[in-house]
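Commentary on secondary and tertiary structure
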Amino acid sequence: MKSLQTIADMRTASRAARREGKRLGFVPTMGALHEGHLSLVRAARAQCDVVAVSIFVNPLQFGPQEDLAKYPRPFERDSELLKKEGVDFLFAPAPEEMYPGGAVTYVTVESLSDKLCGRSRPGHFRGVTTVVAKLFHIVEPDSAFFGQKDAAQAAIIRRMVRDLNMPVEIAVRPIVREPDGLAMSSRNAYLKPDERKSALILHRALTEVKNQFDQGQRRGAALIESGKQVLAQEPAVRLDYLEIVDPDTLDPTEVITRPALVAVAGFAGTTRLIDNTLL
Ligand code: PAF
């Protein structure tokens, strides 16, 4: 595995691979890798000839009160994991390499970026789309792999790629869960044992919504209410939102007649967790 820190080196490496006719798969990450990330790397490995992974804790997607400074950065461990997965290129730029002073250009996917997490994290998705657009220009992948856990992020990136005619195929892979149902997340590392236990309520609420749907309930409001009743059993988790939305537009769905996304976000202690399921 070649470790690259500069934009110029990353671009040279990916262009050389593509010149040889190789299909380049790309997994953008912020590090603190878990099985969810590794499942994306394995999918990229299976579908592409060459795999590039980026590790960059993107300051632009963190709000002023958020966890940028304490976000876990176990770089050596991450690097070993990626080596074992047969990754070809690890791109790990410094913040000054990605954002030299004076940059004032942003990419915003209007209307989608202020929904779901975008409502409670203003500017978050603008930060995500700006860095992902930059990474796509640097790495120039044929395919890029994202996790379904960040379903709104995936929808917003799909829309950015469509609207800006970016020549990248977006693959979205299923959520990877712990054996007890907790969705894998780098932020799970923050959870104290009692918070981790309480956090399971998010998955339980989604499961209840899915059960009600499977039993024939189609009204969005009733489904949300059934999920909220489950969440109320765990007062240690503070709900941010539980919504049922169109998976592409992220607009609320009143009556479910086609695929819908049930998305939940809540705080266990000070840790913000998200999860979702598709109906
Ligand atoms: O999903 C993430 O880890 C980040 O939002 C991403 C896509 C790597 C952009 O910083």
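Keep in mind that this is a model prediction, so the values were computed, not measured.

Reading the values: rules and limits
Residues numbered from 1 in each chain as written. Predicted model: local features only at pLDDT ≥ 70, side-chain atom pairs only at ≥ 80, totals over all residues. Heavy atoms only, no water. Helix = DSSP H or I, 4+ residues; strand = E, 2+ residues; numbered from the N terminus. Rg over C-alpha atoms; globule rule 2.2 N^0.38 Å. Buried < 20%, exposed > 50% of the residue type's maximum accessible area, 1.4 Å probe, protein only. Contact = heavy atoms within 4.5 Å. Areas by Shrake-Rupley, 256 points an atom, 1.4 Å probe, with all protein chains shown as cover. Lys, Arg positive; Asp, Glu negative; His and termini not counted. Charge placed at Lys NZ, Arg CZ, Asp CG, Glu CD. Near = heavy atom within 4 Å. Polar contact = N/O pair within 3.5 Å; in protein donor to acceptor, adjacent residues only side chain to side chain. Core = buried A, V, L, I, M, F, W, Y, C linked by side-chain atoms within 4.5 Å. Domains from an automatic or database assignment. Expected span 1.5 Å × (residues − 1). Arc of directions from axis to C-beta. Pairing = 2+ DSSP bridges. Right-handed = clockwise from strand over helix to strand, strands pointing away.

**Brief notes about the overall build of the protein**
Tallying secondary structure elements over the protein gives nine helices and nine strands in all. A compact globule built from 279 residues should have a C-alpha radius of gyration of about 19 Å, and the protein, at 19 Å, falls within 12% of that. Expressed as a percentage of its 279 residues, the buried residues of the protein come to 54%. Taking contacts inside the protein between residues at least 6 apart in sequence as the whole, the part at least 24 apart equals 73%. For the protein, the accessible surface area stands at approximately 13,200 Å², while carbon and sulfur atoms represent 51% of it. Separation between the mean location of the 37 positive side-chain charges and that of the 35 negative ones in the protein comes to 1 Å.

**Considering the site of the ligand**
Every residue lining the ligand is accounted for by Pro28, Thr29, Met30, Asn58, Gln61, Val128, Val131, Val132, Phe146 and Gln153. Take Gln61: an N or O atom from its side chain is 2.6 Å from an oxygen atom of the ligand. A distance of 2.7 Å separates an oxygen atom of the ligand from a polar atom in the side chain of Gln153. Starting from 290 Å² of accessible surface for the ligand in isolation, the protein chains cover 88%. Residue assignment for the shell around the ligand shows that the elements contributing at least two residues are β2 (24-29) and α6 (124-139). It is α6 that contributes the most residues to the shell around the ligand, three residues altogether.

**What to know about the nonpolar core**
One finds Met98, Phe136, Ile157, Met160 and Leu250 to be the most contacted residues of the largest nonpolar core, which totals 47 residues. The biggest single contributor to this core is α6, with nine residues. Each of domain 1 (2-173) and domain 2 (186-278) accounts for three or more of the residues forming this core. By size, the runner-up hydrophobic cluster in this structure holds 23 residues, among which are Ala199, Ile201, Val230 and Leu279.

**Observations concerning helix α1 (residues 7-19)**
Here α1 is 13 residues long and its end C-alpha atoms lie 18 Å apart, about the 18 Å a rise of 1.5 Å per residue gives. For α1, the set of buried residues is Ile7, Met10, Ala13, Ser14 and Ala17. Across the axial projection of α1, the buried residues extend over an arc of 135 degrees, all falling on one side. Of the residues in α1, the exposed ones pointing more than 90 degrees away from the buried face are Thr12 and Arg19. Those residues of α1 that are buried lie in contact with β1 (2-4), β2, β3 (50-55), β4 (89-91), α4 (95-98) and α6. One or two positions beyond α1, positive phi appears at Gly21, with a value near 85 degrees.

**With respect to the pairing of strand β5 (residues 143-147)**
A large share of β5 lies buried, amounting to four of its five residues. Examined bridge by bridge, β5 and strand β6 (residues 169-173) share five bridges and lie parallel to one another. Note on β6: the bridge partner recorded for Ser143 is Glu169. Of the crossover connections in this fold, the one passing from β5 over helix α7 (residues 151-163) to the parallel β6 is right-handed.

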